Amino acid sequence: MPFLIAAVVLVGVLCLVDLVLTLAVVRRLREHTAELERLAGRPGLMPYDPGVLVGRTLPQDVAGARLVGFFDVGCDTCHERAPQFAVEAKDQTALAVVSGDAGAAGDLVEVMGGVANVVTGDDALRIVQALGIEAFPTFLRTDQDGRVVAAHTELADLAAVAPAT
């Protein structure tokens, strides 16, 4: 009989500990949910609409490019899209803006270097900030004046827009 009493007491104590831990987890989840709701109103955390770039003008020193791709060295999708960009850029004046550590940009520069002008380092950061690029990769089609006429995060969507003449 004493073993039965000890077992019941032990199970009761374990249940109380489990209840306390469960309540602590629920409280913490509520705190995280409140923090996520607070952050939802901050820019950069909402879905990115590259359409806001339409009508903006490229900086004067790169305004001749008709196809512009924005890449980041730490972005896996950018490394996947770079060869597609190189194929698309082959028959037109193109600019690839590679932000991030210039030393790590070698792969992207190698893929696009033969078919597009490539900008890295501080110059790339300046162009990204001037246009307000918020997501990578982002692709732009521009007119002869360097004004953005189409912008997409998918190159296939941009390819559907005919180059401006």
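Preceding this section is the structure that the text describes.
Just so it is clear, the structure is predicted and the values come from calculations on it, not from any experiment. Think of each chain on its own: its residues are numbered from 1, step by step along the sequence as written. Note on the predicted model: pLDDT of at least 70 is required for a residue's local features to be given, and 80 or more for side-chain atom pairs to be given and counted; whole-chain, interface and lining totals, by contrast, use all residues. Think of the side-chain values as coming from all heavy atoms in the structure, minus any hydrogens and water.

Caption draft 1: Region of interest: the overall build of the protein. Looking only at helices and strands, the protein features 5 helices and 5 strands. For helices the rule is a DSSP run of H or I covering at least 4 residues; for strands it is a run of E covering at least 2, with both sets numbered from the N terminus onward. Going residue by residue from the N terminus, the α and β elements of the protein occur as α-β-α-β-α-β-α-β-β-α. Only protein chains enter the accessibility calculation, which uses a 1.4 Å probe. A residue is then buried if its area is under 20% of the maximum for its type, exposed if over 50%, and partly exposed in between. Here the protein, with 165 residues, has 32% of them falling under the buried criterion. For the accessible areas, the method is Shrake-Rupley and the probe is 1.4 Å, while residue cover comes only from the protein chains on display. A total of about 10100 Å² of accessible surface is found on the protein, and carbon and sulfur atoms cover 60% of it.

Caption draft 2: Summary view of the sheet that holds strand S5 (residues 148-152). Any two strands are treated as partners once DSSP identifies two or more bridges connecting them. Spatially, the 5 strands line up as an open sheet ordered S3-S2-S1-S4-S5, and their pairing is mixed. Since the sheet does not close on itself, it has two edges, and those belong to strand S3 (117-120) and S5, each with one partner. The sheet shows a mean angle of 20° between the axes of neighbouring strands, direction not considered. Here strand S1 (residues 67-72) pairs with strand S2 (residues 94-99) via 6 bridges, running parallel. Across the sheet, residue Val68 finds its bridge partner in S2, namely Leu95. The strands touched by helix H2 (residues 76-89) within the sheet are S1, S2 and strand S4 (138-142), with S1 carrying the most contacts at an inclination of about 160°. Where helices are involved, their axes are fitted lines through C-alpha atoms of the stretch in contact, as for all axes, and angles between N-to-C directions lie from 0 to 180°. We call two residues in contact whenever any of their non-hydrogen atoms come within 4.5 Å of each other.

Caption draft 3: Representation of helix H4 (residues 121-131). All of the buried residues along H4 are Ala124, Ile127, Val128 and Leu131. Within H4, the buried residues cover an arc of 100° as seen down the axis, which keeps them to one side. Residues of H4 that are exposed and angled more than 90 degrees away from the buried face: Asp122, Gln129 and Ala130. As for H4, its buried residues are in contact with S1, S2, S3 and S4. Of the residues flanking the end of H4, it is Gly132, one or two places downstream, whose phi is positive at about 80°. Taken from the helix axis, the directions to the C-beta atoms give the arc we talk about.

Caption draft 4: The pairing of S1, seen in detail. Of all 6 residues that make up S1, 6 are buried, and the element is covered over most of its length. Side chains Leu67, Gly69 and Phe71 project from S1 onto one buried face, and the interleaved Val68, Phe70 and Asp72 project onto a second face that is buried too.

Caption draft 5: Examining the packing of aromatic side chains more closely. Pairing of aromatic side chains requires ring centres within 6.5 Å, counting the rings of Phe and Tyr and the six-membered ring of Trp. Pairs whose planes differ by under 30 degrees are stacked, by over 60 edge-to-face, and all others tilted. Considering all chains together, one arrives at 3 aromatic pairs under this definition. Ring geometry for Phe71 against Phe85: centres 5.4 Å apart, planes inclined by 75°, an arrangement best described as edge-to-face. Of the two residues, Phe71 is situated in strand S1 and Phe85 in helix H2; the sequence distance between them amounts to 14 residues. Since its relative accessible area comes to 0%, Phe85 is described here as buried. Both rings, one in Phe85 and one in Phe139, keep their centres 6.0 Å apart while their planes meet at 25°; by these two values the pair is stacked.

Caption draft 6: Representation of the environment of Val97 within the structure. Within the secondary structure, Val97 is located in strand S2. The exposure class assigned to Val97 is buried, which follows from its relative accessible area of 0%. Taking the C-alpha atoms as reference, Val97 lies 9.4 Å from Val109; in sequence the two are 12 residues apart.

Caption draft 7: View of the nonpolar core. Core analysis: the biggest nonpolar cluster contains 20 residues, and Phe71, Phe85, Val98, Leu108 and Met112 have the highest contact counts within it. Of all elements in the fold, only S1, H2, S2, helix H3 (106-112) and helix H5 (155-159) reach the threshold of two or more residues within this core. The dominant element in this core, judged by the number of residues it contributes, is H2, at 5 residues. Nonpolar cores were defined as sets of buried Ala, Val, Leu, Ile, Met, Phe, Trp, Tyr and Cys residues, with membership established by side-chain atoms within 4.5 Å. Within the second largest apolar cluster, 17 residues are counted, among which are Leu53, Val62, Leu95 and Leu131.

Fair warning: the whole summary comes from geometry, so function is off the table for now.
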